[in-house]
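Close look at the chain arrangement
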Amino acid sequence: MSNILGDVTQGTYHEEKGFWRTYVFSTDHKVIAKQYLALSLFWAVLGGFAAYLIRWQLAYPETAAPGASWIPEPFMYEGVVPPEFYNVLITMHGTIMVFFVAMPLLLAVFGNYLIPLMIGARDMAFPRLNMLSVWVFTLASLVLLISLFVPGGAASAGWTGYPPLSAKAIYTGVNWGMNLWIVAIALEFAAFLMGGINFLTTTLNMRAPGMTLFRLPLIVWMQITAGVVFMLSVGPLIAGAVMLLLDRVIGTTFYVPEGGGQPLLWQHLFWFFGHPEVYVILLPALGIILEILPVFSRKPIFGYRPIIYSTIVAGILSFIVWAHHQYVSGIDPRLAMPFSITTILISVPFALIVFALIATLWKGSISFPTPMLFALGTLGVFLIGGLTGIFVGSAPVDIYFHDTYFVVAHFHYTLFSAVFFGGFAGLYFWFPKMFGRMMNETLGKIHFVLTFILFNTTFFPMFFLGIGGMMRRIANPMQYEFLQPLQPINVFITGSAILLLISQGIFAINFFWSLFRGRIAGPNPWQANTLEWSTSSPPPHENFHKIPTVYRGPYEYSLPETAEDWLPQNQPELEEVKK
Amino acid sequence: MLSWLPENISTYGGDIDSLMYHIYYITGVWFFLTYGVIIVFLLRYRRQEGQKAAYVRGDSLTQAGWLLVPLLIVLALDLWIDFQGSEVWAKIKIDAPSSDLLVGVTGKQFNWEIAYPGPDGKLGTADDLEMENELHVPVNKVVHVVLRSKDVIHSFFLPNLRLKQDVMPGRTIEAWFEATKPGRYPLPCAELCGFGHSGMEGSLIVHSLDEYEKWVQKNWPHKP
């Protein structure tokens, strides 16, 4: 009886497909997640290379960066970065890392892969829309790549694209590069809107029997909250981007003062999206560590419901914090205080989630495989990011720190912790599910130790640079007498950053080696409770041989009544015992 | 850590610095507390043979206290920081004192244009004294700066005064400061303004009152 429904759904769109249908134009959410993974890792390499060139320039201004002499003119001159290209590098590094690495990796990869599996569904609610989303994202990627090679050069107005610098070609010398940059980002947003709609619809409508909203794994809550925040905040930015494109292409003056325009308008529209975007990236990363900590502590997550409420509160608060980016932009000074209060208040829901994570460790039975190390690393790094956020959230202190390296250090501590530590935690944790094999533990641990140490030696000294007054986005700190004493710090940071980038090669080696040679994982190598572990690794086309029935919440570890220290969500025994 | 701060030479810079130290101590204590707790838990509760983890869900009110009590402390500290911050902010941004000297600073790619009003006391008239990249002011006088931009957004940054103000094209924005120590100080641009952004730097020259008079006599003989 119970599998009639399963058989019916199985028959609807599951048929043998050819190579193209299976691996390229696939509607399977798992394949789509892997496509996003490939794209985001590709972009991470490019974004990392841009970081290398930026760091070289800052440590040894106007000298040739080793290994970069192959880049032709007019980008670089025998390995030397000219100032125009330096601005392209900072613009592209930010754009790539936020929009083409962080969003696809944390939202598209983990959201696509996990949501249907974790709620016990066969696929997303709109599989074809899902396929469209990855192909629109691919198109966005192509447009961004092309924008690097058009006459006049690529976008160079910073990843925030503040007009009038970005609005008129005369200010930067860049014309089509900037237009294509706007188009690429608009396409990327369209892709993620399709994804967000899918996440929300799927979670609300396609949960397996017994999977109530309060039995959802927390990462699903985080993903759909992130999806909703994204959907509600992206509209103003799309409008803003269209206006910017009109200013550039047909000469309107939305942002150009000569025609009565207002540059500040862009900042409001951009940050009304841009700051919630931070939480769009952060929430899925916190979701990943919320999944991993209970498994390796063998304990239920502490305060499941308070965490959900906190997530929702953080989502709502995220809409009223944007103007803290504009404390020194010349907005009405009376606005600074309300925004200072809301900005610092948003630390409260995140503090609750952090406390809950710490309380989850209490009286646990904790082991330290690679995913757990990266999850703990995320927590440790994010804590510093969060605490330093208080400095820049406070309006008077921000007067000094705004646009200095303090800000650069702060947001790398929040976003790098989310994207890379959180992303790696998730990849190491779900790799066995995705590819059916285990990753190498030794290589994983070496990768973690090097990443954790080198991350801190790269980004922590940036706080000192910021305190010393070093501005962001300058190509050559040696041009400033007052920054020259800080130059040894810049050299040290560059050394660390290069080692940090190189050490990511260990992950690449581990990834590809394990893909073909790793130990066979089996369905549930970590003895975890959530539904994705109840099916084979990797899961078949429609995920479950039979749609599971859910009997309990996702974190029932170490129940006193059971001999085993775990109890999968779909395992009925305990209920029957109680009867 | 905060000893890397450039020397403060403004009347309100000290308020910003003490707020900074205040946040520094609060976050520092939280940092060591949370890291300490995490490390103790990781060592104390690492997996041992035959020892099962405790089944604690944290959903009863007594257990939730472990979240709520620190949360209330965080909330109180947040509001404390905001309350102190609002006083400093009001002092700098809202209750500006009346000025002794008016200076116009106009940002353009990639220089600061400095203008002193001539005998008519107004900026933007023919008798203005104009210079590039050098802002001369007397010590211990309230200076009002009228900020404009000719092209893109620049940011008027005086690290030693703890003063930063974006300069918006199409708008006139005012800032003020009172320098307390003679000397020459950096005046870089803090907002990306194009390929020449790096290196867009002027100087603030704070003169003693005598020296300032001499400078005025020399450069500006017609001043009333």
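Because the structure is a prediction, the values reported are computed rather than measured.

1. Notes on helix α15 (residues 405-435) of chain A
All names here are of chain A.
- The sharpest bend along α15 measures roughly 45° and falls at F429, with the proline P432 sitting one to four residues further on.
- Judged by how many residues are buried, α15 sits mostly within the fold: 29 of 31 residues are covered.
- G436 lies just past α15 and shows a positive phi near 80°.

2. Brief notes about the confidence of the model for chain A
- Taken as a whole, chain A shows an average pLDDT of 93; of its residues, 96% reach a score of 70 or greater.
- Scored below 50 in pLDDT, residues 1-13 of chain A makes 13 contacts in the model with residues more than four places away or belonging to other chains.

3. Looking at empty space enclosed by the protein
Residue and element names in this part refer to chain A.
- Per the stated rule, a full pass over the model turns up five cavities of 30 Å³ or more.
- By volume, the largest cavity is sized at about 90 Å³.
- Contributing to the lining of the largest cavity are 13 residues, with L107, F192, G195, G196 and F199 lying nearest its centre.
- Where the lining of the largest cavity is concerned, the elements lending two or more residues are α4 (83-119), α5 (127-147), α7 (176-205) and α8 (218-249).
- Of all the elements, α7 adds the most residues to the lining of the largest cavity, at five residues.
- The class makeup of the residues in the lining of the largest cavity is seven nonpolar, six polar and no charged.

4. Observations concerning the pairing of strand β2 (residues 111-116) of chain B
Residues and elements named next belong to chain B.
- Across the six residues of β2, five count as buried, placing the element largely inside the fold.
- Relative to strand β3 (residues 129-132), β2 is paired through four bridges, and the arrangement is antiparallel. Bridge pairing in β3 places E113 opposite E132.

5. Looking at the pattern of salt bridges
Residue and element names in this part refer to chain A.
- As enumerated under the stated definition, the model contains 16 salt bridges over all chains in all.
- Among the salt bridges present, the one from D332 reaches R334, with a minimum N-O distance of 2.6 Å.
- D332 gets classed as partly exposed once you look at its relative accessible area, which sits at 31%.
- Looking at R334, the relative accessible area reads 59%, which means it is exposed.

6. Focus on the packing of helix α10 (residues 304-317) of chain A against helix α12 (residues 347-361) of chain A
Residues and elements named next belong to chain A.
- Remark: α10 packs on α12, axes separated minimally by 8 Å, with the N-to-C direction vectors making an angle of 155°. Taken together, the axes of α10 and α12 lie roughly antiparallel to each other. In terms of crossing hand, the pair formed by α10 and α12 is left-handed. Every residue of α12 that contacts α10 at P306, I307, S310, T311, V313, A314 and L317 is listed here: P349, F350, L352, I353 and A356.

How each quantity is defined
- Residues numbered from 1 in each chain as written.
- Chains lettered and ligands numbered in written order.
- Predicted model: local features only at pLDDT ≥ 70, side-chain atom pairs only at ≥ 80, totals over all residues.
- Heavy atoms only, no water.
- Bend = angle between axes of the 7 residues up to and from the residue.
- Helix = DSSP H or I, 4+ residues; strand = E, 2+ residues; numbered from the N terminus.
- Buried < 20%, exposed > 50% of the residue type's maximum accessible area, 1.4 Å probe, protein only.
- pLDDT = per-residue confidence, 0-100.
- Contact = heavy atoms within 4.5 Å.
- 1 Å grid on protein atoms, 1.4 Å probe; cavity = no way out; pocket = protein on both sides within 12 Å on 5 of 7 lines; lining within 4 Å.
- Points joined across faces, edges and corners; volume = space filled by probe spheres on them.
- Nonpolar A, V, L, I, M, F, W, Y, C, P; charged D, E, K, R; others polar.
- Pairing = 2+ DSSP bridges.
- Salt bridge = Lys/Arg side-chain N within 4 Å of Asp/Glu carboxyl O.
- Axes fitted to C-alpha atoms, helices over the stretch in contact; angles between N-to-C directions.
- Parallel < 35°, antiparallel > 145°, perpendicular 65-115°, else oblique.
- Left-handed = near helix turned anticlockwise from the far one by under 90°.

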